[in-house]
Amino acid sequence: MRILGVDPGLTRCGLGVIDAAGARKVSLVHVEAATSPAGDAVPARLARLADALEAVLDQHRPDAVALERVFAQANVRTVMGTAQVSGVVMLAAERRGLPVALYTPSEVKAAVTGDGRAAKPQVGFMVARVLGLAEPPRPADAADALAIAITHAWRGGAAPVGSAATTGAQRRWAEAERASRRRG
């Protein structure tokens, strides 16, 4: 399964694509941090980031999108920009029929490092190690996007339901989703 991980941000938006083969086997396909100038109007910034996202979707054709969940924080401007970019990502995925999974920052940190309160350098180090890279991708937003994609792969997003790479809870969740789709 090919997964696009997105670390949403209005100034820098991390976009990381990995291939996942289950059993925690992942490989790097593409990584970048799309940017938009802080001095531009928000609609122009969103359009610029949407163009970068569309280019990655067109070129790498992921099977799923994993996105960092917007969380409350003291800086309203930052959370608003993050939410706006998240909306752009979800819309682009929906228009392509791609499933979207949301993960909190602590879920991503715990999945990749084993510690839900890990620092950014620790996340970057583990992303590099997991993907066999000589050093963490820069900027940190790029490494975070890959960490989000890895989280999706390791949380069952890339493992066939019923395989040894999924937990019982993941199998029951997938079965419940299938049943709800059959009901309408």
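The rules behind these values
- Residues numbered from 1 in each chain as written.
- Predicted model: local features only at pLDDT ≥ 70, side-chain atom pairs only at ≥ 80, totals over all residues.
- Heavy atoms only, no water.
- pLDDT = per-residue confidence, 0-100.
- Contact = heavy atoms within 4.5 Å.
- Helix = DSSP H or I, 4+ residues; strand = E, 2+ residues; numbered from the N terminus.
- Buried < 20%, exposed > 50% of the residue type's maximum accessible area, 1.4 Å probe, protein only.
- Pairing = 2+ DSSP bridges.
- Phe/Tyr/Trp six-rings, centres within 6.5 Å; stacked < 30°, edge-to-face > 60°.
- Lys NZ or Arg CZ within 6 Å of the ring centre and 35° of its normal.
- Axes fitted to C-alpha atoms, helices over the stretch in contact; angles between N-to-C directions.

This paragraph deals with the confidence of the model for the protein chain. Per-residue confidence for the protein chain gives a mean pLDDT of 88, with 83% of residues at or over 70. Here residues 159-166 scores under 50 on pLDDT; set against residues more than four positions off or in separate chains, the count is 13 contacts.

This part is about the side chain of His30. Looking at the secondary structure, you find His30 in strand β3 (residues 26-35). On the basis of relative accessible area, His30 is assigned to the buried category, the value being 19%. Residue contacts for His30: discarding those within four places in its chain leaves Leu15, Gly16, Val17, Val56, His60 and Leu146.

A few words now on the pairing of β3. As judged from the nine bridges shared by strand β2 (residues 12-20) and β3, these two strands associate in the antiparallel manner. Looking at the pairing, Gly16 lines up with Val31 of β3. Hairpin remark: β2 followed by β3, antiparallel, with five residues in the connecting loop; positive phi at Gly22, about 75°.

Let us look at the packing of aromatic side chains. Counted by the stated rule, this structure contains zero aromatic pairs. When the ring centre of Trp154 is taken as reference, the NZ or CZ atom of Arg24 above it lies at 4.2 Å.

Within the open sheet, the five strands sit side by side as β3-β2-β1-β4-β5. Their pairing is mixed. Edge positions in the sheet fall to β3 and β5 (100-103), since each has one partner strand and no second. If you compare each strand with its neighbour and ignore which way they point, the axes differ by 20° on average. In the packing of helix α1 (residues 42-60) onto the sheet, the strands contacted are β1 (2-7), β2 and β3, and the crossing angle to β3 comes to about 160°.

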